[in-house]
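# Coordinate analysis (summary)
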Amino acid sequence: MPTALLKRRSAKPLTGNLRLRRLTKAYLEPIDDVKELSPTVIKIDQIYDLTQVLIVQCQSVTSGLFPRYSKDRDVGYVKDSIYCAMACWACSVAYKRLDDDRGRQTELRQTAVKTMRGILFSWMQQSKNLDAFKSQNSSEFALHARFDLSSGMCLETPNDKHYGHLQMDLAALYLLTLVQMISAGVKVIYTHHEVNFIQNLVFYIERTYRTPDFGMWERGTRYNNGKPELHASSLGMVKAALEAINGFNLYGSTGTSASVIYVDIDGHNRNRTTFETILPRESNSKNTDAALLLTVGWPAFATHDENLFEKTVKKCIRRLEGRFGLRRFLRDGYRTELEDNSKSFYDEHETAQFQSVESQFPIFLACISLTAYIRANQEYGDVYFKKLQKCLVADESVPGGYIVPECYCVDEFLMDKERAQSNSTDLYALSHQEFGHHLWSNAIYIILMLKREGLIHSGDIDPINRHLPASQRPKMFNRHSAFQGSMEGDPVVQVALISESPRLQMMLSTYGITTQTPHEVEPVQIWPSWRMVKVFECLGRDKKLNLSGRPQRPFGPLSTSKVFRVFGDTVLCYPLLFEVKDFYVSSDPAVLIDDIKRDIEFVARRWKLAGRPTMCVVLREENVAGEYFDHILDLLVQLKNGHINGVRVRLGRVHQLLNSCCIEHIDFANSDDLEFDIDIFEESHDNAALFSQLSLKEGIDDELTHEKDVTPKTDHELYQIIEKDDMERPRLLAFSIWILWSRCNPDLLVHNFTLRERLEKVYRRACQLRLWWLVRYCAGRLHKSMNSLAPAITNMLVRGKQITLGVRSGAREENIVRPIAPNDLNRLLFECCPADEPQSAVFHQELIIACSDLMSHNPQVFEGVLTIRLSWISDAISMLLNYVRATGALKIPGIVMGTPPTPGTTGIPTEFKKSCIYDLSPTVVKDVVTALMTRTNWHLLSPLQTRRLNGALNRMPVNFYDRVWTILERSKHGIIIADQFLPQQPTLSDMTRYELTFSYKFEEMLSRISHPEYRQLLVEVPTDVITILMEQQKDDRKLNVPFAKKESALHETYYFVDFIFVGRQII
């Protein structure tokens, strides 16, 4: 037997510890022949090293925030922090694909989580501001965009007060990134208080369509004068965030209904409409902006309209691209050598010096390339990636040796050469040795490298598939509402007809129209939308954070097309247009018919939720009975036949419609916490409610009674008149109530009813009898306002118009050039209109809605109209009334004599017998506005009448402002109009030929002209005639346009225009 074998057999048995050491030796000792790493792992490790040096090492260990530059140790920026978190998260996703990530996936993921939670912590310290902002859209209450880097608390530096914190795109970007990360399985939100705060962040951004902000560059307008404006980039980011977070569970797939986020889909739609209207512009002062690349492309992908996407991106590239990147926007002074960094804002005329010498930013080359790769456009992505590679700068302190500089600047000594010929000089990169490297630029570069090398896929950094059109995204099951958009074509709109009373139901049944009463639909309840608004006030409410929940914003037609499950009941809400306490316009059956058709068409076009929209149509006796019955019946027959205005409609009983409707579960409210001041819709058994055709057609109106005749009466006499409550003389009753109100107070009791309640009652009766002058008088005294007024104003503003409120000869006129909150708008309306003519304020509201609706459906009729001056439109309506009454020659299309006015069949001749525009029904007002703007049958008018109407409508010839610019270029000193001086400089240097600011400036000068025919005459003067006269002028005097001072040099010009006017007047 071999000696070695004998030794082994004779050896003592191994102890337990020794045996364990021998067994684990292979795992504890390094292996000499290590297996080579795959090329994929090597690439990821290289990017990991770069991420560690450029991103992770700059993170604050306490707050989790990132600075803007790596050498900054004081200030943490929210936007830069979000993009740094994205880079860390993207790198962690790349490691997730490896079999052995060596713990790096968790490390990078948690770095991103700490950043997102650090931002959340910083913002939660400002919950008081957040709650105040919901009612006052002021920059004073905006969530901050930067914080102390170490503590995450608000900065106390003096300059921070002037900083542009109001950035709606910033809050939207945070919400969008939050949804993307949670969808990928990252846990970011921990408590229900945090869920409530996120819900309030949604409220914060929902009204961005009427919230001017400072934009992505934190400077507001391109003049950097501290004034915010409406930005398309902010609207697009908000649109994307609202779509992403609606119905989303912040606890992920394991969360309950308590952690689901709700979005006002009508608010979302207004943001979407406003965004798509502004594109491809960025704002009124910025024709285009590189911020749009981040909005229409990664990370927002805010539009999937290919034409709109291409138009926006190509415009950015055409106007802004240089050899070393893209300019942020034209005349941007940021990081140029000419900018004075000691000032928060620029001087009035300072931006002109930055023309053609703006800094260029390579980050946008990375954005274009990344968007192209995600959209599977490999070739286009490679082109811009190569451009980006040429812009990298060397830095031996980082792995790979190259970083992305923040920007390239024009040398001060080469600026004249660059201005003379764009891209003719070599720009230098901003030194990273001085400031440190720019984190935002390099974070996007890291994501771009991961995507280009195939280490992550499009679905990894966009797990909710924003880059795909809604119809191509995978469906995600959620019992709560979420934007689907998966159906092809418009959905079928379900309609439930609810009769106010059994008597009305029986009458309609004789015509083959089947309706239901509120009693018959039980246990389903019919609610007014304001009652559901009261329920939604509980949404997001948090006592510990002092958050009040959802503000009292009305529900639009999209929200009321859902069916709600609340407190164990099924609830169907009817739209605002059926509210009896709403604005009087809906009391006109003709307007009601038009609004029902428009809402059905709107809902079908904009519906993006799972399930069919269900619209509740409430039929009241006062609207159905009378001379309008035939028109209401025609509408109901169209609904029964299944088509209306090209939209498919399904008429049915409520219980049948529930099977295919969209159901919203309301789990956040408790019935014990609510006290309703609005009742549910119940059956009416009032036999006197049904008015005869005669009573509706010939409502009693004491037109000869005037307020000045009632004013001398004593309080006792007024009290007696009010006490009688005699609707045989409704104007006398209304005047008496108001005069006593003004002498005492609106809460004075007269037989158990306050004066306010009694005036409301008169208002309601006048609506039923359609006494429109009295309706408008009562509405004005009660300060009634339309819910859709602010969105209508915004709709016109984003189309480049400005609105002038007030009466020319009254209190004052006020120009609205930026969106305004509803409360501020209502206050301004009534302040600008004379107190002794309360009808004017509510009549102006009708004009605003009429112009906005017409502009939405037929925008070309407003071409040449820059300012919508409400008082002059009122005058134009009066002039048109006078022309029709005087001659009878002017006809409005669709007139049918002897029939009541309805949309398309306006009975204007009958209505125009009234002596006052306040006697016109709301539908006639809309039709006259349409006739004015479309210039229907204007060939029947005389030249003077045409000129007066055009002047009142502020209509300009084609390219008018372009011609004025040309004249200004030829005038050494400037132009004088109506004693208003427009200097050549600095006007030409501050503004550009095609920007709206110049048009607004000149329009302001024209607004001083008090007669519309003179104004119109001025704008009709041929430009070539003025140019000839200018060329004949040998000295350097100012060009003096008509209605200015009669200087001798251009004296003949004045008389030349006056001669034309007189000659045409004779014609």
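Residues numbered from 1 in each chain as written. Predicted model: local features only at pLDDT ≥ 70, side-chain atom pairs only at ≥ 80, totals over all residues. Heavy atoms only, no water.

Looking at an unreviewed UniProt entry, the protein carries the name Phosphorylase b kinase regulatory subunit, with the source organism given as Caenorhabditis japonica. Comment text from UniProt for the protein, heading Sequence similarities (unreviewed entry), reads "Belongs to the phosphorylase b kinase regulatory chain family." (UniProt positions renumbered as here; feature names shortened; annotations may be inferred.)

The next subject is the overall build of the protein. When helices and strands are tallied, the protein shows 43 helices and 24 strands. With 1067 residues in all, the protein has 59% of them scored as buried. For the protein, the accessible surface area stands at approximately 45,100 Å², while carbon and sulfur atoms represent 50% of it. (Helix = DSSP H or I, 4+ residues; strand = E, 2+ residues; numbered from the N terminus. Buried < 20%, exposed > 50% of the residue type's maximum accessible area, 1.4 Å probe, protein only. Areas by Shrake-Rupley, 256 points an atom, 1.4 Å probe, with all protein chains shown as cover.)

A separate point is the pattern of salt bridges. When the charged atoms of two side chains lie near each other, side chains of opposite charge can form a pair. Evaluation of the coordinates by the stated rule reveals 46 salt bridges. Linking D416 and R419 is a salt bridge whose minimum nitrogen-to-oxygen distance equals 3.4 Å. Of this pair, D416 and R419 both sit in helix α15 (residues 415-420), separated by three residues, roughly a single helical turn. Exposure remark for R419: the relative accessible area of 33% places this residue in the partly exposed category. Its salt-bridge partner being E831, residue R827 comes within 3.4 Å of it at the nearest N-O pair. (Salt bridge = Lys/Arg side-chain N within 4 Å of Asp/Glu carboxyl O.)

Strands sit in the order β20-β19-β21 across an open sheet of three strands; the sheet is mixed. The open sheet has two free edges, formed respectively by β20 (813-816) and β21 (867-869), since each of these has just one partner strand. The mean inter-strand angle of the sheet, taken between neighbouring strand axes irrespective of direction, is 20°. Of the pairings in the sheet, the one linking strand β19 (residues 802-806) to β20 comprises four bridges and is antiparallel in character. Residue pairing in the sheet places I803 in a bridge with I816 of β20. Against the sheet, helix α31 (residues 789-797) makes contact with β19, β20 and β21, and its axis sits at roughly 135° relative to β19, the strand it touches most. Strands β19 and β20 of the sheet are contacted by helix α32 (residues 822-832), whose axis makes an angle of about 50° with β19. (Pairing = 2+ DSSP bridges. Axes fitted to C-alpha atoms, helices over the stretch in contact; angles between N-to-C directions. Contact = heavy atoms within 4.5 Å.)

So, on to the sheet that holds strand β13 (residues 614-619). With mixed pairing, four strands are arranged side by side in an open sheet as β13-β9-β15-β14. The sheet terminates laterally at β13 and β14 (643-644), the two strands that pair on one side only. One ladder, built from three bridges, connects strand β9 (residues 493-499) with strand β15 (residues 647-651); its direction is parallel. Each bridged residue has a counterpart across the sheet, and for Q494 the counterpart in β15 is R650.

This paragraph deals with helix α13 (residues 363-374). With twelve residues, α13 ought to run about 16 Å at 1.5 Å a step, and its terminal C-alpha atoms sit 17 Å apart, in line with that. In terms of burial, α13 is largely enclosed, as twelve of its twelve residues are buried. Restricting attention to buried positions, one finds in α13 the residues I363, F364, L365, A366, C367, I368, S369, L370, T371, A372, Y373 and I374. Just downstream of α13, A376 is the residue with a positive phi angle, here 65°. (Expected span 1.5 Å × (residues − 1).)

Right, let's talk about the nonpolar core for a bit. A general feature of soluble globular proteins is that nonpolar side chains tend to end up buried together. Judged by nonpolar contacts, the single largest core of 156 residues is most densely connected at W123, Y174, I198, Y204, I205 and W298. Those residues within four positions of Y174 in sequence are excluded, and the remaining contacts are I82, M116, I119, L120, W123, I198 and L201. Counting 89 residues, the second largest nonpolar core, distinct from the first, contains L740, C832, L932 and L941. (Core = buried A, V, L, I, M, F, W, Y, C linked by side-chain atoms within 4.5 Å.)

Taken as a whole, the protein shows an average pLDDT of 84; of its residues, 85% reach a score of 70 or greater. Throughout residues 901-909 the model reports pLDDT below 50, and contacts reaching past four residues in sequence, or to other chains, amount to 32 contacts. Per-residue pLDDT stays below 50 along residues 1034-1067; that stretch engages in 58 contacts with residues further than four places along the chain or on separate chains. (pLDDT = per-residue confidence, 0-100.)

All right, on to the packing of α31 against helix α33 (residues 839-857) then. Running from N to C, α31 and α33 point in directions that differ by 50°, and their axes come no closer than 9 Å. Accordingly, the angle class assigned to the pair α31 and α33 is oblique. Our pair here, α31 against α33, has a crossing hand that is left-handed. In contact with L789, A792, I793, N795 and M796 of α31, α33 contributes Q845, I848, I849, C851, S852, M855 and S856. Across the contact of α31 with α33, the residue classes tally to eight nonpolar, four polar and no charged. (Parallel < 35°, antiparallel > 145°, perpendicular 65-115°, else oblique. Left-handed = near helix turned anticlockwise from the far one by under 90°. Nonpolar A, V, L, I, M, F, W, Y, C, P; charged D, E, K, R; others polar.)

This part is about the packing of helix α28 (residues 730-743) against helix α29 (residues 755-769). Relative to each other, α28 and α29 sit at 155°, their axes nearing to 10 Å. On the basis of their axis angle, the class for α28 and α29 is roughly antiparallel. Considering only the axes of α28 and α29, their crossing is left-handed. Contact with α28, carried on its side by P730, L733, A734, I737, L740 and W741, involves L755, R756, R758, L759 and V762 of α29 and no other residues of that element. Across the contact of α28 with α29, the residue classes tally to nine nonpolar, no polar and two charged.

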